[in-house]
Amino acid sequence: GPVDHFILSKLELQSVAPAPPADPAVLLRRGYLDLIGLPPTAAEQRAFLENPTGEAYAKVVDGLLADERARHLSRSATGGG
């Protein structure tokens, strides 16, 4: 998108290369930790790594956002209890 192009142009001006895409296991772990504060279970990781597509990751993120732990973290971070 436009933001990505803007950032890439600024990196190129400074001769800095963007970081490579995260490996699927790392991406999954980051998503879990960011959204619910816990790493994925071994079973959750195995299930995702069987089909680590962008669509599969989007489904994982949607599920995590609907998780009560994510809502609790959101309320805590915003002072909502």
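Here, every reference points to the structure presented above.
Residues numbered from 1 in each chain as written. Predicted model: local features only at pLDDT ≥ 70, side-chain atom pairs only at ≥ 80, totals over all residues. Heavy atoms only, no water.

Q: Before we move on, could you go through the packing of aromatic side chains and cite the residues and values that matter?
A: Evaluation of the coordinates by the stated rule reveals one aromatic pair. The interplanar angle of 65° and the centroid separation of 6.1 Å between the aromatic rings of Phe48 and Tyr57 together place this pair among those described as edge-to-face. Taking the relative accessible area as the measure of exposure, Phe48 reaches 6% and is therefore buried. (Phe/Tyr/Trp six-rings, centres within 6.5 Å; stacked < 30°, edge-to-face > 60°. Buried < 20%, exposed > 50% of the residue type's maximum accessible area, 1.4 Å probe, protein only.)

Q: How would you explain the environment of Arg69 if you had to name every residue and give the values?
A: Topologically, Arg69 is positioned in helix H5 (residues 68-77). Distance from Arg69 to Leu35, taken between C-alpha atoms, is 8.1 Å for residues 34 residues apart in sequence. Among all residues touching Arg69, those that are not within four sequence positions of it are Ile36 and Leu38. (Helix = DSSP H or I, 4+ residues; strand = E, 2+ residues; numbered from the N terminus. Contact = heavy atoms within 4.5 Å.)

Q: So what's going on with the packing of helix H2 (residues 24-36) against helix H3 (residues 42-49)? Which residues, and what values?
A: Contact geometry for H2 and H3: axes closest at 10 Å, N-to-C directions at 130°. Put simply, H2 runs oblique to H3. Crossing angle aside, the handedness with which H2 passes H3 is right-handed. Residues Pro24, Ala25, Leu28 and Tyr32 of H2 touch H3, and the partners they reach there are Glu44, Gln45, Phe48 and Leu49. Tallied by class, residues from the contact of H2 with H3 come to six nonpolar, one polar and one charged. (Axes fitted to C-alpha atoms, helices over the stretch in contact; angles between N-to-C directions. Parallel < 35°, antiparallel > 145°, perpendicular 65-115°, else oblique. Left-handed = near helix turned anticlockwise from the far one by under 90°. Nonpolar A, V, L, I, M, F, W, Y, C, P; charged D, E, K, R; others polar.)

Q: Outline the packing of H2 against helix H4 (residues 54-66), supporting the account with residue identities and numerical values.
A: Each pair of packed helices gets described by two things: the angle between the helix axes and the distance between those axes. Where H2 contacts H4, the two axes come as close as 10 Å, and the packing angle between them is 20°. Between H2 and H4, the angle falls in the class roughly parallel. Between H2 and H4 lies a crossing whose hand is right-handed. Within the contact between the two elements, H2 uses Leu27, Leu28, Gly31, Tyr32, Leu35 and Ile36 and H4 uses Tyr57, Val60, Val61, Leu64 and Leu65. The class makeup of the residues in the contact of H2 with H4 is 10 nonpolar, one polar and no charged.

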